[in-house]
Amino acid sequence: MPPAPFIEIRDLSYSYGNAPVLAGVNLVLKGQEFAAVVGPNGGGKTTLLKLILGLLTPVEGQVRVFGVPPRQARGRIGYMPQHVQVDLSFPVTVLDVVLMGRLGRGGGVWGAYGRRDRQAALQALDQVGLAELAGRPFRALSGGQRQRILIARALA
């Protein structure tokens, strides 16, 4: 039996007011497949991603993530925006930043992380090759290291 699609888009259209951005988009990604979305500025790449994340609602068509509408799949989606605003004067460690990717995942009090959360965060840091920086202040990192930490947050 072939794997079920983890992203399925059928006849998707979206407009900002009277300006159409996407029209008739179809896409199916299964198993270990991946896709790159390439196009000009203003071509709808970010809009497509926002539709997949459930941040926007299609004008026409349908988006399914893991077989359900995107808003129902949010707990299974990691996302790292192109630009992130971070107050570098806020005293957080690298591990604190990665743990933010686990907010709302556990059954405990908001902001109270359990052992599984810490394990997931440390594993994500290991995946991006920066586990040794877990205790370092986030503000002390280079720009490239910060980007990798934010990727780890999305993975966690």
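You'll find the structure just up there.
Keep in mind it's a predicted model, so treat the numbers as computed, not measured.

Once that is clear, we can look at the packing of aromatic side chains. The tally for this structure, following the rule as stated, stands at two aromatic pairs. Note on phenylalanine 6 and phenylalanine 66: the rings are 6.5 Å apart at their centroids and 35 degrees apart in plane angle, and the pair reads as tilted. Remark: phenylalanine 66 occurs in the loop between strand E3 (60-65) and helix H2 (94-99) and phenylalanine 6 occurs in strand E1 (residues 5-16); sequence separation between them is 60 residues. Residue classification places phenylalanine 66 among the partly exposed residues on the basis of a relative accessible area of 32%. Directly above the ring of phenylalanine 66 sits arginine 76, whose terminal nitrogen or CZ lies 3.7 Å from the centroid. We note arginine 146 situated over the ring of phenylalanine 138; from NZ or CZ to the ring centre the distance is 6.0 Å.

This part covers the nonpolar core. Ranked by internal contacts, the top residues of the largest apolar core, which has 19 residues, are Val98, Leu125, Phe138 and Ile149. Broken down by element, this core gets its largest block of residues, five residues, from H2. In terms of nonpolar packing, the next biggest core, distinct from the first, is built from 13 residues, Ile7, Leu12, Leu56 and Ala73 among them.

Take the environment of glycine 42 next. By secondary structure assignment, the location of glycine 42 is in the loop between strand E2 (19-30) and helix H1 (45-53). Separated by 21 residues in the primary sequence, glycine 42 and valine 21 have C-alpha atoms spaced 8.0 Å apart.

Each value, and the rule that gives it
- Residues numbered from 1 in each chain as written.
- Predicted model: local features only at pLDDT ≥ 70, side-chain atom pairs only at ≥ 80, totals over all residues.
- Heavy atoms only, no water.
- Phe/Tyr/Trp six-rings, centres within 6.5 Å; stacked < 30°, edge-to-face > 60°.
- Helix = DSSP H or I, 4+ residues; strand = E, 2+ residues; numbered from the N terminus.
- Buried < 20%, exposed > 50% of the residue type's maximum accessible area, 1.4 Å probe, protein only.
- Lys NZ or Arg CZ within 6 Å of the ring centre and 35° of its normal.
- Core = buried A, V, L, I, M, F, W, Y, C linked by side-chain atoms within 4.5 Å.

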